[in-house]
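Residue-level listing of the chains:
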Amino acid sequence: MIVNALALTHSTPIGKLFTHENSVHSFDVDTLMQEVFDHFTSYTADAVIITQQALAVGILTLKDMVRVLGDLENLMLPVKTFMTAPLKTFHSTMSIAEVLDEMKTMQFDKIVVQHVDEVVGVMDQRHLLSICYNQLTPFIKHEYNMLNSLMGMVTEGKKGLLKMATTDALTGIGNRRLLEEVFHAHQSLEERYGVTLFLLMFDIDGFKAINDTYGHNIGDLVLKELTTLVASSIRKSDLFVRWGGEEFAILLRYSDPIAVMKIAEQIRKRIDEHPFRSIAHLTCSFGLTSVQSGETLEVVIDRADKALYRAKEEGKNTIRMESL
């Protein structure tokens, strides 16, 4: 009898597939086929072992017996006439992996497992492969799914790390690094397709006084509320980042500077008129510049900062544009 439920690995001894109480009947090579036929009709066996001087020398299967019955006179002949020989046996201590490896060159349909001088089991090759498939496949699938999950985690982890590296922790918008990456990408597009870029820098007027008067917690709330307000005033295709402290930057793509000035004015006005929850009133100063082909971000930032500085000097809560 073959064990039905068994946790297998490739190193499992082949003998473990059979119960201790099972036995494969054996017949001497000179036994008449009639006696063997009576055995097959009385038991559920599908194979018997043929011996000579107590040594296993061949095998006779139920399929062989069916062929024998094609002529009833064959029942009077010795079993050695119809047995399959030579007999290939596997020691019960051999691993399943070793048996499967040897099976590659075998011409026999039956796996005969022997322990010392006793045959402990006979199994069809396909049955063995079926057991291995049914038992080992769940482990393989589990490992495959685990691998996929790990790969997914790695992929998500990379995305998570990238998001962490390019997002401002306080406001949730992009940070300086994101602006640098996107700027370089846009510069490549500009060189290929003639895309016009503008950089709008702005910061909060008198933000130090807000922190000194209300505390840094209130200052943080102001920054969050401001970013929400500005983000709702621009297109999704525009890049809005926190450059640092109370200073922000927006990278825009428009056809001409007049359109960008109108957008900047709309943002300035919305901030000026917005009733902030934590403080009564807030204004920002803006510096705008166009981006020229081949320019580095440092050069563009410097020019926008100069425009922003002029806006501060000339009364704050205003917009100035710096050109080449």
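Anything mentioned here points back to the structure above.
So, a few notes on the structure that sits alongside this text.

Reading the values: the criteria
- Residues numbered from 1 in each chain as written.
- Predicted model: local features only at pLDDT ≥ 70, side-chain atom pairs only at ≥ 80, totals over all residues.
- Heavy atoms only, no water.
- Pairing = 2+ DSSP bridges.
- Helix = DSSP H or I, 4+ residues; strand = E, 2+ residues; numbered from the N terminus.
- Axes fitted to C-alpha atoms, helices over the stretch in contact; angles between N-to-C directions.
- Parallel < 35°, antiparallel > 145°, perpendicular 65-115°, else oblique.
- Left-handed = near helix turned anticlockwise from the far one by under 90°.
- Contact = heavy atoms within 4.5 Å.
- Nonpolar A, V, L, I, M, F, W, Y, C, P; charged D, E, K, R; others polar.
- Salt bridge = Lys/Arg side-chain N within 4 Å of Asp/Glu carboxyl O.
- Buried < 20%, exposed > 50% of the residue type's maximum accessible area, 1.4 Å probe, protein only.
- Arc of directions from axis to C-beta.
- Core = buried A, V, L, I, M, F, W, Y, C linked by side-chain atoms within 4.5 Å.
- Expected span 1.5 Å × (residues − 1).

## Considering the pairing of strand β3 (residues 55–61)
For a regular strand, side chains alternate in direction, first toward one face of the sheet and then toward the other. The pairing of strand β2 (residues 47–52) with β3 spans 6 bridges and is antiparallel. Looking at β3, one finds that isoleucine 50 is bridged to glycine 58. Between the end of β2 and the start of β3, which pair antiparallel, lie 2 residues, with glutamine 53 showing a positive phi angle near 55°.

## What about the packing of helix α7 (residues 216–231) against helix α8 (residues 257–273)?
Axis separation between α7 and α8 bottoms out at 10 Å; the angle between their running directions is 140°. Here α7 is positioned oblique relative to α8, judged by the angle of their axes. Two packed elements cross with a definite hand, and for α7 against α8 that hand is right-handed. When α7 is examined against α8, the residues Leu226, Leu229 and Val230 are found in contact with a partner set consisting of Ile267, Arg270 and Ile271. The class makeup of the residues in the contact of α7 with α8 is 5 nonpolar, no polar and 1 charged.

## What about the pattern of salt bridges?
A complete count under the given rule lists 14 salt bridges for this structure. Here lysine 80 ties to aspartate 30 by a salt bridge, and the two come within 3.0 Å at their closest N and O atoms. Taken together, the residues lysine 80 in the loop between α2 (62–68) and β4 (89–91) and aspartate 30 in the loop between β1 (26–28) and α1 (33–42) connect sequence positions 50 residues apart. Between arginine 310 and glutamate 322 there is a salt bridge, with its nearest N and O atoms 3.5 Å apart. Here the residue arginine 310 occupies a position in helix α9 (residues 297–313), and glutamate 322 occupies one in the segment after β11 (319–321), the gap between them amounting to 12 residues. In this structure arginine 310 comes out as partly exposed when scored by relative accessible area, which is 27%. Through salt bridges that share partners, Arg310, Glu314, Arg320 and Glu322 make up one connected network.

## Brief notes about unusual backbone geometry
Most peptide bonds take the trans form, and the phi angle of most residues other than glycine is negative. For lysine 316, which is not glycine, the phi torsion reads 65° and is therefore positive. Structurally, lysine 316 is set in the loop between α9 and β11. In this model, asparagine 317 sits at a positive phi of 50°, which is unusual for a non-glycine residue. Tracing the backbone shows asparagine 317 in the loop between α9 and β11.

## Considerations on the sheet that holds β3
The strand order across the open sheet formed by 3 strands is β1-β2-β3, and the pairing between neighbours is mixed. This sheet does not close on itself; its edge strands, each paired only once, are β1 and β3. Within this sheet the neighbouring strands show an average axis-to-axis angle of 35°, counted without direction. Taken together, the 3 bridges between β1 and β2 define a ladder with parallel strand orientation. Paired with phenylalanine 27 across the bridge in β2 is isoleucine 50.

## Points about helix α3 (residues 96–103)
Buried residues of α3: Ile96, Val99, Leu100 and Met103, and no others. Viewed along the axis of α3, the buried residues span an arc of 100°, placing them on a single side of the element.

## Let's talk about the sheet that holds strand β8 (residues 239–244)
Taken together, the 5 strands give an open sheet; going across it, the order is β8-β9-β7-β10-β11, and neighbouring strands pair in mixed fashion. Two strands bound the open sheet, and with one partner strand each, they are β8 and β11. Averaged over all adjacent pairs, the angle separating strand axes in this sheet is 20°, with direction ignored. The sheet strands contacting α7 are β7 (197–204), β8, β9 (247–253) and β10 (284–291), and the helix crosses β7 at an angle near 150°. This element, α8, spans β7, β9, β10 and β11 of the sheet and lies at about 165° to β10.

## Some details on the nonpolar core
Inside soluble globular proteins, nonpolar side chains tend to come together where they are buried. With 30 residues, the main nonpolar core has Phe202, Ile204, Leu226, Ile250, Ile267 and Ile271 as its most contacted residues. Elements with a contribution of two residues or more to this core: β7, α6 (207–214), α7, β9, α8 and β10. Residue contacts for isoleucine 267: discarding those within four places in its chain leaves Leu200, Val230, Ser233, Ile234, Ile250 and Phe286. With 15 residues, the next largest nonpolar core counts Met201, Val291, Leu297 and Ile301 among its residues.

## Details of α7
Here α7 is 16 residues long and its end C-alpha atoms lie 22 Å apart, about the 22 Å a rise of 1.5 Å per residue gives. Within the span of α7, buried status applies to Gly219, Val222, Leu223, Glu225, Leu226, Thr227, Leu229 and Val230. Lining the buried residues of α7 we find β7, α6, β8, β9, α8 and β10.

## Focus on the packing of α6 against α7
Packing of α6 against α7 brings their axes to within 7 Å, and their N-to-C directions diverge by 135°. Between α6 and α7, the interaxial angle falls into the category oblique. Contacts from Phe207, Asn211 and Tyr214 in α6 reach His216, Ile218, Gly219 and Leu223 in α7. Taken together, the residues that form the contact of α6 with α7 break down as 4 nonpolar, 3 polar and no charged.

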